[in-house]
Structures are given as structure tokens and as C-alpha cells.
Amino acid sequence: MAVKQKTKRRPAIFWRSQFMFFAIAVGSATLILRLGYLQVSQAKQFQSQISTQNFFSLSIPPSRGWIYDREGTVMAADVPEFVIQYVRYANDTVSATAVAAELAPVLGMSANKLYNIMINQTPWEAAVTLVNQATPLEMSYIAEHRNSLPGVIMVTVPVRAYPLGMVGAHEIGFIGAIPPNQVNQFQKLGYPNNALVGLSGLEQSYQNELMGQYGQEKIPITPGGIPLDQPIVDVPPQNGDNLILNLDVKLQQVAEQALQQRIAFLRGVGETNVHSGTIVVMNAHTGAVLAMASYPTYNPNWWLGGISNANYQKYLTNNAGLNRAISGTYMPGSTEKMLTAMAALTHGEMTPNLLVDDLGGLQIGNYYMHNWNQGGFGWVGLKEALEVSDDTYFYQVGLNMGHFNTSNPPANINAWLNGGRVSALNQINQLGKAFGLTSLTGIDLPGESAGYVTYANPPTLYDLPAAAIGQEEAYSTIGLATYIAAIANGGYRVQPEVVHAITSPSGQIVKVIKPHIVDKVPVSQAYLTIIQQGLELATHGQLGTATYYFGNDPANVAGKTGTAESGNPNKNNSVFAGYAPYNNPQIAVAAVIPNVTGEGFRAAAPMAQQVIDYYFSHPAKAVVLPNGSNK
Amino acid sequence: MHKLHVDLSLVVVALLLVVIGVTMVHSASTVLSGIRFHDNFFYVKKQLLFASLGTFLMFVLARLDYRKLQRVAGLLFLLSLVFLVLVLVPHIGQVRGGSRAWLGIGAFGLQPSELAKFSLIVYLSAWFARYPMRVQSLIKGFLPLLLITGVTLMLIILEPDLGQSAVIGMTIMVMLYFAGARLRHMGSLVMIGLAAFVGLILMAPYRLSRVVAFLNPWQYPDTIGYHIIMSLIALGRGGLLGVGLFHSTQKFSYLPEPQTDFIFAIITEELGMVGAVFVLVLFLFLLYRGMLIAMRSTDRFGMLLAAGLTTVIAVQVIINVGVVTSLMPVTGITLPFISYGGSSLTLMLCAVGVLLSIARQSRIG
């Protein structure tokens, strides 16, 4: 039985064993073939995958783009600073001790202190800065002792500088550490957390163009943080693009000085409420911003390397950091009257031949609304009304727009307040949008505020006529500039632009920002001509409100003064909006000084005159574009 | 005694593999030892200790009559089951690398699953030898065997150590095959096994992700594909001739635990394809000798025992190298004789000792 079993079993076991031999042979052959495939024919491909290995990455900051005025004057630059850094490899305290011992005497501090800085300072960063502005002596020592100072490196760090200081501060802006609430947004763009970004002005609005791209030095390390003896991967930074502005530094300086001097003068004669003001000079056809001043102002250099507490207090005082020319909205006063007239004319609510008998004011229901000249001007037409800034005339125009007959008031006053009055305010508001007064002008600076028309609540009988003379609106200075420019240039509302062109680090033109016409205002040329003539009378007529300043001015200015109750008792916003020359407009100017005592023309108009006079004695040259390297 | 010299080749090959192993463990672990224990020789010292212990036990077992194992097989298996249950008890079993698979004995740890793997082979060999015909019967042979194996595998899966249970499952299949089980029984078993495998993957998503990672590791370079990519980079760096002994860079914490499951990657990197193929040829020779011993053994217990022990080595080599060369999903299987690990190395050398003992009785030579 046992023997029989054996003989029966033998062949089965034999074949099954043979199969096992075969299986093992096939298995081994597969593995060897696989090894050959991976190690020999695919080796190159896997070696290229070494990029998935760990690297110790140091960010190399790009040089930020420079900012030039229209003639090539540098307004913002990047200057190189030599920085000594220590690269921290994890688990490498032994060599740190040695480095600290050797380097401490050179840097003039104790080894313990240096070691402490090397290990403990800014622990979240890959490399720690040991010296910010390295001396030639320190640099040469490190260069010569490179081998005994592993991890110590010299880096050229570009540092921002604003060589003109306060000139154009609000337009240029400044850079600083990424604000905590924007960290995510900049991380997505690939910025390291310690990157400096534009926080204001053009530095902010053109951040992407100016920034450039961070470079990287990638040192191969183990996941444990130990550097490997493998080549360092060097990705050089890409420097940022430059900005060439429409701004004219000389005109800008004149505008800033005129503004500052005017405020100082007013304060000198006891007007201590006056502490701020704006003035904008713009090409009337292209929207190129030639000068833009806002007072009080600040020095962007304060922000470099972190702002000191004293400077920060100065920056906050009277909100000096605010660019009032675009962010401040002021009641326009009589500069509103052109808009009121154009709205009424285009809607057929008045004819260009409307005559009003100004007896010193107008009775509206229970209210008597005074003209500024309480004696009255008698019968006046539209041009004369603009010349003498006749309030009564425009009260009447406003009431015409609302279909309110003073001698036969509507029976249902409430219905009128919500009907005729509102539709008249809407007409003013809508035309204001077309001129950039109640809409954003779209200037290439951050923080612009749109103007607005107030719809008084509760409504009153007198707020429509008040709106007609500019007491119910608030506009930005830049909005006033686009408004007066559109009147001057035949109805084209242009977008104000501070930047003229963007150039590459090597000086090639990347982009020229062309003048942008936002819209053609819905006012016929005939009406615009009447308005222009009215503005010319205001500066040259016998009774013109600004004739005192511009009557004999060689620049042949046309414009309108404005006085608006600023909210403080007996204090008025002093406004001027004008253009020159009258017969061939080149520039549009808008200026505001709030909180002036008495009639406003004393403040804004003479300041505007100073700037206009300078412009025509030193007219802006064409923007200088580079034809090669411009650094 | 005189028969021992006959299988000197087996001894030489096994010891050669151990020498290569100790050398490579030293090379692969020197960085990790330094970082973890501030002693670059920490792992290699332990490995040398177990290599000595294992070699000693190998010679002891070679001199013993393996048939004595047949008598203690039941006891040995029962002891392993006790250990397997104990290791699952928190505070007794130690968790390393996500599995509760170690019983701590002082500074050393025993892996009960390693012990169970070998004792199950011994036990099944004894069982098959005692009831030679039952294996062909479904009720009397096949199913009870499945029950015994199933209980063991279930305990190991609970740790969880899926790789170890796969090795055991495949080994048992081969033993059944050698013992003469019916092919249709085995065929259905394979189907059930596959279904269970799929079920296990569905139960724990990390197993599925491991499978996915091996198919396309570049898609998950930072997570589950990391091991495989680092392994492939090691292979690519090694090329035909290798970067030279002790010159691996992948061991610089790129490959996690380079001294255990991925030691073959370090071999390919430092010694190149030539070195890797040499190691595989050594294994091939070992397996050839093992199978020869099985075929020529004079009794059924010896035949099945030799086949089982050889199969364990074969399966582990194929899985380990298959993982390193990205032919299989990542499973924590050591490379016999070479990977760092006390339990594994000692028991593998014991297995060689038993093979030598079987060879003494057989007609080899």
C-alpha cells in the first residue's frame, strides 16, 4: 500500500515541482528584466525627476521697477544694498557654533550674541540676516573665508528709494510689508511672506508690473535638512517693469508749493480752519495728469525699512496719507452751474435765451432764497449768469427743471417733492455721471471716491434750487477736472491717467497707455459753446467773478469759481475749475481749498493761476520715451 | 555529519546574503542612525547581533533531526497563535509604522507574525504528512486547513499587516499545491482570496491609495507616491554600475526607513544593476537548492517543509523587489537575509538550518 502510494505520488510531485521551478525562473526573469528597463533604459528619466527631491530654497528678490516723470526724472528707484545672511540648515548647530565663533569679531559682537541671532532670530525664515548694510571690510572677509564659513552668504538686496522725497508722494505711494489681511492673496501670486508690496499710490495700483518675479536659489538637501554635495539650482529673479508718468515733476512742485503757500497764507491771516487742499492739472484732450497735489502730505521715504512711530503720527495727522485730489469729495458750489445749465438745456427745460429778473433772490413757498449779491443783478441771460455767478438765475433754472412755478405752486406739494423735484435731481445726477462727477473717473490710482448728488431726506422745497447752485452735491477734484476738460474739448470725457508708458527692465517699451475717451457727453456743441463763452466772461467780463485774477492773464483762462457752505458756520469750500487757453484749450485745472472764510474765490483761484502761469511759461514737453537702457 | 559538506553551497549562499545584508544595512542606515541615536552604527550593531544569533541557530538546527519538529508542530503553532492574540492587546503589543505588530522584550521586539508564518508552515507540513490523502477531500482536508490558515491570517490582518498575510496566504497555496490538493479546490480558493483582497481594499481607503500610487506615483509625489518615486530615483541614479558602495544619496532621509523594506533600492543605487542582479542570482540559487531539497527529501514532512520554507523566501523576494521596482503596490515586506529586522533575519536563518537538516536526510549530492 505504502509503496503503491509512493509510486502514484511521485509523478504528481515531479510535475508540480517542475512547475514551481518554472514559476520561480519566470519570476526572477521578470524582476531582472524590470531592473534592466528601469536602471538602464529609463535611468535618465528618473534622474530628471530629482526635482521632486527636497531643496532648501532662498528667495532672491527682484529689483522693483523704477518710476520716472515725463522728462525722465527718477521719482522712485531701487538701490542695491549688500546684506550678509546666514542660511539655516536644520540640525546643523555644530557648524553654526564654529561660524559664530569665527565671524563674531569681524562683525563686532560677541560669539554668543551672534549665535543667538543665527539660530533664534526670525525662525520662520530660511535665512537670517546678520548685517543689513555690509561694509567692504566685512564683505571681503567673508569672500576670503568662504570655506570656513559654511552657510554665510552675501546677497544683494534691492532697496526702494524716493529721491524727490515728498514730491508726488500721493501719486507715487510707497511700499511696505504685506498687510495681514492680504497675505493669502499675495501668496497665491507666489510672493514670499517677507515681500514688500505697494501699499499706496502707483506703487499699489501697478504692483504687478513693478514687482517682477522672485528668483530662487535651491540647495539640494535631505528631508532632514542636511545640504547635499550637489549643484545648486539658480533661478535668477526677473526685475520689475518701469513706469513713465505723464506727471511733470517741475509743474508738480509748483502745484504743491502753490497749494502749500496758499494754505500757509490763509492760516497766516487767521484762518486756522484751513489745513487741506487739492489741485489737479490735466491735459484737456488726453486726460494725461500733469500735476496733482494734495495737502497735507508726507514723505514716502518714511515708510522704508518700517515707519517710525514719530513719522507714523505725522502720517496720520490730518490724514496726510489721503490723496484728497481723488479720495476727497467736496461741495462744488457755483462750479456746478454749468452742469445745471447743460442738463436743463439738453432736456429742453430752458432755452439758451432764458432771461431771469434777479431782484436779489427768489421766493419759493415759505422760503426766500438769496442771491450771493443781495442787491440783485436785474435781468440776466445765461452767459451773464455764469459771468457774475448769479444764484437767482440758477434757482430759476432748477425750478424750471422741476416744473415748479413760483407764482402758481403745485397744489400737492408732497407729490411735487417726490415727483418733479426728484426727476430734476435725476437729470443733474445723470449728466454728472457722463462728466465723471457722480461716477468714477477711472484714474489709475487706488482709492478714488465717486461724487454724488444728495437727495435730501426729508425733502424740502428749497433743496432743488440749492442743488442747482452746487450746495447739494459733492465731487472729487479729479472729477471736476474731467468735467471742465470735457466742456473745454467739445464734450469728450477723458479718463485721467498718471502713467504714460510701461517699459521693461532693459528699457524696451512694454506698453504705451493711450488716451482713453470714456464717453461723449450728451450735450450739443452749440450749448457747449454758450457755456464756454460764459466761462470766458467769468474770467474776463467786467463783472466776472474771476476777472480780478485772470482778466489780464496772458494764458487766456476760462473758468468758474465756486463757493460752497462747507458745513462749518461761515466757512466755505473754495473751488476753481477752468481751462486754458480759452480758444485752444490745452490744460484743465481743478482746485479746492475747504473751510475758507467768506467768498471762496480768494483761495482756489489765485492758487490755480500760479500753476497755470507756470505751465504756459514752461509748457510740458512730450513724454520722453527711452530708446535704450534707462537705468 | 558527513552529509553537511554536501550542502555547503547553501550555507555559503545564505551567509553571503547575510554579509551583503549587514553591509547594506550599515550603508543604508548610517544617516538615520546618526540622526535618531547619534550613533551611525546603531542599526548595524543590532543587525550583526541577530546575524550571529541566527547563524548559531542555523547550525544548531542543521545538526538536529528536523523530524522532531513534527512532534512539536502543534505546540509551536498554538504558541504563535497566543502571541498573535497578545500582540493585539494594547499596552502589550507595540505600534510601529501604523501596525500593532511587535511584542516588546526589553530593547528588542519580536514580530509574532514572523513566528506564526514559520510555525504555520511546520504545522501544515506535519498535518499533510500525517493525513496524506485528506488534502484531496474538501470536508476532511481542504476546509479544516482553510480554517486554521484563515484564523491565523485574520489575526495578522487585524494588526494590520496585509503584506505579511499575503506572503503567508501565497505560501500556503504553494504548499497545498505540493501536498496534492485538487486544482479545482485551489482554483475556487484563488477566487475567494481575490474577492477578500478586493474587500479589504474597499474597507480601508489607504490600501486603495497605495494601489493607485504604484500605478502612477508621479501623481502623488508628496504623499502616497513618495516611496515609489524615491525608490525609482535610486534605481535611476544607480544605473548599470551604481554610484558606489556607501555613496547613496537616497538614504539621506529621502527614502524613509531605507534599511528595511526599501533596502533593495539602496543596493540598486550603490551597486547598480550588476549588484542587484548578483543578489537576485544568489536568491535564485538558494531557491533552486531549496526546491531540490524538497524534491529529493525522503519523507513527506521534509518535502512539504522544505517546499514551504523555500516558498516563503521566494514570495518575499518577489514581492519586495516587485515593490521596489514599482511592479506591485507598496507592502511592508522585508527582503530575506538582507533587510534590517531581528525577527525576520533570525527566523530566516533558522529556516536555512531546517533546510540543511532536511538535506542531510535526502539524496542530495
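What is the right way to look at the overall build of chain A in this model?
Summing up its helical and strand segments, chain A has 22 helices and 26 strands in all. Counting the 631 residues in chain A, one finds 53% classified as buried. Put simply, 71% of the contacts in chain A that link residues at least 6 apart link residues at least 24 apart.

How should I be thinking about the side chain of Asn 371 of chain A in this particular structure?
Residue and element names in this part refer to chain A. With respect to the element layout, Asn 371 can be found in the loop between strand E16 (367-370) and strand E17 (378-380). The buried category is assigned to Asn 371, whose relative accessible area is 1%. Filtering out sequence-adjacent residues up to four positions away, Asn 371 remains in contact with Asp 358, Gly 360, Gly 361, Gly 376, Phe 377, Ser 389, Asp 390, Asp 391, Thr 392 and Tyr 395.

Where do I start with helix H9 (residues 226-238) of chain B in this structure?
In an α-helix, one turn spans 3.6 residues, which is why side chains three or four residues apart end up on the same side. Residues and elements named next belong to chain B. End to end, H9 covers 18 Å across 13 residues, agreeing with the expected 18 Å (1.5 Å per residue, within 8%). By the criterion of burial, H9 is predominantly enclosed, with twelve of the 13 residues buried. Turning to H9, its buried residues number three or more, namely Tyr 226, Ile 228, Ile 229, Met 230, Ser 231, Leu 232, Ile 233, Ala 234, Leu 235, Gly 236, Arg 237 and Gly 238. Immediately downstream of H9, the backbone of Gly 239 shows phi near 60°, a positive value.

I tried to follow the pairing of strand E12 (residues 289-295) of chain A on my own but got confused; where do I start?
Looking along a regular strand, one sees side chains alternate from face to face of the sheet. Residue and element names in this part refer to chain A. For E12, the buried fraction is high: six of the seven residues fall into the buried class. Relative to E12, strand E11 (residues 277-283) runs antiparallel, the two being bridged by six bridges. Residue pairing across strands places Val 280 opposite Met 292, the latter belonging to E12. Hairpin geometry of E11 and E12 is characterised by an intervening segment of five residues between the two adjacent antiparallel strands and by a positive phi of about 80° at Gly 287.

I'm lost on the confidence of the model for chain A in this one. Help?
Fine structural detail should not be taken from predicted coordinates in areas where pLDDT scores are low. Scored by pLDDT, chain A has a mean of 88; 92% of the residues are at 70 or more. In this model residues 1-9 of chain A is a low-confidence stretch, pLDDT under 50, and it forms five contacts with partners more than four residues away in sequence or in other chains.

Where do I start with the nonpolar core in this structure?
Grouped burial of nonpolar side chains is what soluble globular proteins tend to show. If you look at the biggest cluster of nonpolar residues, it comprises 121 residues, and the most contacted ones within it are Phe 128, Leu 176, Phe 264, Phe 283, Leu 305, Phe 337 and Ile 338 of chain B. Every residue in contact with Phe 128 of chain B, bar those within four places of it in the chain, is listed here: Val 135, Leu 145, Met 175, Leu 176, Ala 179, Arg 300 and Leu 304 of chain B. Residues Phe 174, Trp 416, Val 494 and Ala 590 of chain A belong to the second largest nonpolar core, which totals 97 residues.

Help me out: how do you make sense of the side chain of Arg 324 of chain A in this one?
Residues and elements named next belong to chain A. Structurally, Arg 324 can be placed in helix H12 (residues 324-327). Among buried Asp, Glu, Lys and Arg side chains, Arg 324 stands out as unpaired, with Glu 171 the closest opposite charge at 11 Å. Residues in contact with Arg 324, not counting those within four places in the same chain, are Ser 276, Thr 278, Ser 294, Tyr 295, Pro 296, Asn 318, Asn 319, Tyr 330 and Thr 477.

Help me understand the sheet that holds strand E1 (residues 55-60) of chain A, please; the structure alone is not making it clear to me.
Backbone-to-backbone hydrogen bonds join strands into a sheet, with any given pair of strands oriented parallel or antiparallel. Residues and elements named next belong to chain A. Read across the sheet, three strands follow the order E1-E8-E9 without closing on themselves; strand pairing throughout is antiparallel. At either end of the open sheet lies a strand with only one pairing partner, and these are E1 and strand E9 (233-235). The mean inter-strand angle of the sheet, taken between neighbouring strand axes irrespective of direction, is 15°. Sheet topology note: the strand E8 (residues 215-220)/E9 ladder contains three bridges and is antiparallel. Bridge assignment links Glu 217 to a residue of E9, and that residue is Asp 234.

Scoring rules and cut-offs
Residues numbered from 1 in each chain as written. Chains lettered and ligands numbered in written order. Predicted model: local features only at pLDDT ≥ 70, side-chain atom pairs only at ≥ 80, totals over all residues. Heavy atoms only, no water. Helix = DSSP H or I, 4+ residues; strand = E, 2+ residues; numbered from the N terminus. Buried < 20%, exposed > 50% of the residue type's maximum accessible area, 1.4 Å probe, protein only. Contact = heavy atoms within 4.5 Å. Expected span 1.5 Å × (residues − 1). Pairing = 2+ DSSP bridges. pLDDT = per-residue confidence, 0-100. Core = buried A, V, L, I, M, F, W, Y, C linked by side-chain atoms within 4.5 Å. Lys, Arg positive; Asp, Glu negative; His and termini not counted. Salt bridge = Lys/Arg side-chain N within 4 Å of Asp/Glu carboxyl O. Axes fitted to C-alpha atoms, helices over the stretch in contact; angles between N-to-C directions.

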